[in-house]
Amino acid sequence: MALQVGIVGLPNVGKSTLFNALTSAKAEAANYPFCTIDPNVGVVTVPDQRQDKITQFVKPQSVVPTTIEFVDIAGLVKGASQGEGLGNQFLSHIRQTDAIVQVVRCFDDPNVIHVSGSVDPLRDMEIINTELMLADLDSIEKKYKTVEKTAKNTTDKKLKMQAEVLKKLLDTLGKGLPARAVPLDDNEEPFRREMHLLTAKPVLYACNVSEADFIKGGNDWVVQVKKRAGEEGNGVVVICSSMEAEIAQLPKAEQKEFLSSLGTDESGLNRLIHEAYQLLGLYTYFTAGVKEVRAWTIRKGTKAPQAAGVIHTDFEKGFIRAETYHCEDLFKLGSEQAVKDAGKYRLEGKDYIVKDGDILFFRFNV
């Protein structure tokens, strides 16, 4: 399953610069509002040091990492949901995403125009979140008008439940709260999911800071954002998009040297990707052989047959068993044979819950 993340924010907060760094693409980035018009879409490999380490022991012919897709849309402004700026037409491009990265300006630079005239991350967050809520409210109101009429004249329990869920969502959004704040049971949740609501998605705030503040780990604005994000139950990562764009242009070896000079072994972009995975409760498992070492993405709690289905539906349909060991056992013992000799190589059935970092080989029959 490929993870898809939408990137949103006000104009000139560093969205497109961040996108360029993430994808090493060339999305236009300029110092004026609405520079990005059509959505930019880029597929990025997910960095995983464990996969790199597995290849040292298995020596495969090829290595295939898992990927994450980023969608960068035009900068939003106050009133976007009512058609201001470039309007909410671009919000449709991120409705299908799994999560949202909201880039928040936490740097002061007189040479970079701020659309609101001053740096105030909490105000900026409020503007974006309000526009997302208003866009959701518009979608739900239209849907509710149709469903409510039909639900009144039917005995269909499913339709009546849908109308009730939509009413709950309407009431909550009307109070200025996001759609994810509505508690729903397992039977009700599909109705929220099918709406692809923007405020039902988990949010990761990317605090875009100056290079000096990145080295320090943040600033007072970042502290404010972390406090607000904590109240919302959302995540935060600190980045310097201009610096990340420069790092992305360096050869891999020089990237490591540069990061080491900053006192870190991981870029802000890598942390952003890892935080997105954690936010969505995602795990990575591996298949490893001489032909290929490949990473696969699953949700936390996925059982072995469903994990096999990520590779191919036939693997899930004809699942017999999974042969597995953890990558850490490989690192400690040095080879698959040594893992077997140590009794760490296991046969697991259909109820086995796959762990993050498992190396799996599936037996199936169709």
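Here, the structure is the one placed above.
Heads up: these notes are all about the structure in this document. (Residues numbered from 1 in each chain as written. Predicted model: local features only at pLDDT ≥ 70, side-chain atom pairs only at ≥ 80, totals over all residues. Heavy atoms only, no water.)

### Some details on the overall build of the chain
When you go through the chain residue by residue, the secondary structure sums to 14 helices and twelve strands. A compact globule built from 366 residues would reach a C-alpha radius of gyration of about 21 Å, and the chain, at 23 Å, matches this within 12%. Taking the principal axes of its C-alpha atoms as reference, the chain extends roughly 65 × 65 × 35 Å. Among the 366 residues that make up the chain, the fraction classed as buried is 47%. Accessible surface for the chain amounts to roughly 18000 Å². Of this, 50% is attributable to carbon and sulfur atoms. Charge-centre separation for the chain: the mean point of 45 positive side chains lies 6 Å from the mean point of 50 negative side chains. (Helix = DSSP H or I, 4+ residues; strand = E, 2+ residues; numbered from the N terminus. Rg over C-alpha atoms; globule rule 2.2 N^0.38 Å. Buried < 20%, exposed > 50% of the residue type's maximum accessible area, 1.4 Å probe, protein only. Areas by Shrake-Rupley, 256 points an atom, 1.4 Å probe, with all protein chains shown as cover. Lys, Arg positive; Asp, Glu negative; His and termini not counted. Charge placed at Lys NZ, Arg CZ, Asp CG, Glu CD.)

### Some points on the pattern of salt bridges
Summed over all chains, the structure comprises 21 salt bridges. When the shortest N-O distance is used, the salt bridge between Glu231 and Lys227 registers 2.9 Å. In this pair, Glu231 and Lys227 are both assigned in helix H7 (residues 220–232), four residues apart and thus about one turn of the helix distant. The partner of Glu323 in a salt bridge is Arg321, with the nearest N and O atoms 3.6 Å apart. By relative accessible area, Glu323 is classed as buried at 9%. Through salt bridges that share partners, Glu126, Lys227, Arg228 and Glu231 make up one connected network. (Salt bridge = Lys/Arg side-chain N within 4 Å of Asp/Glu carboxyl O.)

### A closer look at the packing of aromatic side chains
Applying the stated criterion to the full structure yields five aromatic pairs. Among the aromatic side chains, those forming a connected cluster through ring pairs are Tyr285, Phe319 and Phe362. Directly above the ring of Phe331 sits Lys53, whose terminal nitrogen or CZ lies 4.8 Å from the centroid. Sitting over the ring of Tyr345, Lys340 keeps its end group 4.8 Å from the ring centre. (Phe/Tyr/Trp six-rings, centres within 6.5 Å; stacked < 30°, edge-to-face > 60°. Lys NZ or Arg CZ within 6 Å of the ring centre and 35° of its normal.)

### Quick word on the packing of helix H8 (residues 241–248) against helix H9 (residues 252–261)
Remark: H8 packs on H9, axes separated minimally by 9 Å, with the N-to-C direction vectors making an angle of 145°. Within the contact between the two elements, H8 uses Met243, Ile247 and Ala248 and H9 uses Gln255, Phe258 and Leu259. Of the residues that constitute the contact of H8 with H9, the class distribution is five nonpolar, one polar and no charged. (Axes fitted to C-alpha atoms, helices over the stretch in contact; angles between N-to-C directions. Contact = heavy atoms within 4.5 Å. Nonpolar A, V, L, I, M, F, W, Y, C, P; charged D, E, K, R; others polar.)

### With respect to the side chain of Glu244
Inspection of the secondary structure puts Glu244 in helix H8. In this structure Glu244 is buried but unpaired, with Arg271 as the nearest side chain of opposite charge at 5.8 Å. Ignoring sequence-local partners within four residues, the contact set of Glu244 consists of Ala21, Phe214, Ser267, Gly268 and Leu269.

### Quick word on the sheet that holds strand E5 (residues 99–105)
Spatial ordering of the open sheet is given by E2-E4-E1-E5-E6-E7, a layout of six strands whose pairing is mixed. Whereas interior strands pair on both sides, the edge strands pair on one side only; in this sheet they are strand E2 (40–45) and strand E7 (235–239). Across the sheet, the axes of successive neighbouring strands diverge by a mean angle of 25°, strand direction being ignored. Alignment of strand E1 (residues 3–8) against E5, held across four bridges, turns out to be parallel. Residue pairing across strands places Ile7 opposite Val101, the latter belonging to E5. (Pairing = 2+ DSSP bridges.)

### With respect to the environment of Glu348
Among the secondary structure elements, Glu348 is positioned in strand E11 (residues 346–348). The spatial distance from the C-alpha of Glu348 to the C-alpha of Asn153 is 51 Å, given a sequence separation of 195 residues. Side chain to side chain, Glu348 and Arg346 meet in a polar contact 2.9 Å long. (Polar contact = N/O pair within 3.5 Å; in protein donor to acceptor, adjacent residues only side chain to side chain.)

### Describing the pairing of E1
Most of E1 is tucked away: six of the six residues are buried. Burial along E1 is two-sided: the residues Leu3, Val5 and Ile7 and Gln4, Gly6 and Val8 are all buried. For E1 and strand E4 (residues 67–72), the ladder comprises five bridges, and the chain directions are parallel. Across the sheet, Leu3 pairs through a bridge with Ile68, a residue of E4.

### Some details on unusual backbone geometry
Despite not being glycine, Asn12 shows a phi value in the positive range, around 65°. Within the fold, Asn12 resides in the loop between E1 and helix H1 (15–23). Despite not being glycine, His196 shows a phi value in the positive range, around 50°. Residue position: His196 is located in the loop between helix H5 (189–193) and strand E6 (203–208).

### A word on the pairing of E4
In this structure, E2 lies alongside E4, joined through six bridges in antiparallel fashion. Note that in E4 the partner of Val44 across the bridge is Ile68.

### Structural notes on the packing of H1 against H8
Interaxial distance between H1 and H8 falls to 8 Å at its minimum, and their mutual angle equals 25°. Relative to H8, the element H1 lies roughly parallel. By crossing handedness, the relation of H1 to H8 is classed as left-handed. In this structure, H1 uses Thr17, Leu18 and Ala21 to contact H8, whose residues at the interface are Ser241, Ser242, Glu244, Ala245 and Ala248. (Parallel < 35°, antiparallel > 145°, perpendicular 65-115°, else oblique. Left-handed = near helix turned anticlockwise from the far one by under 90°.)

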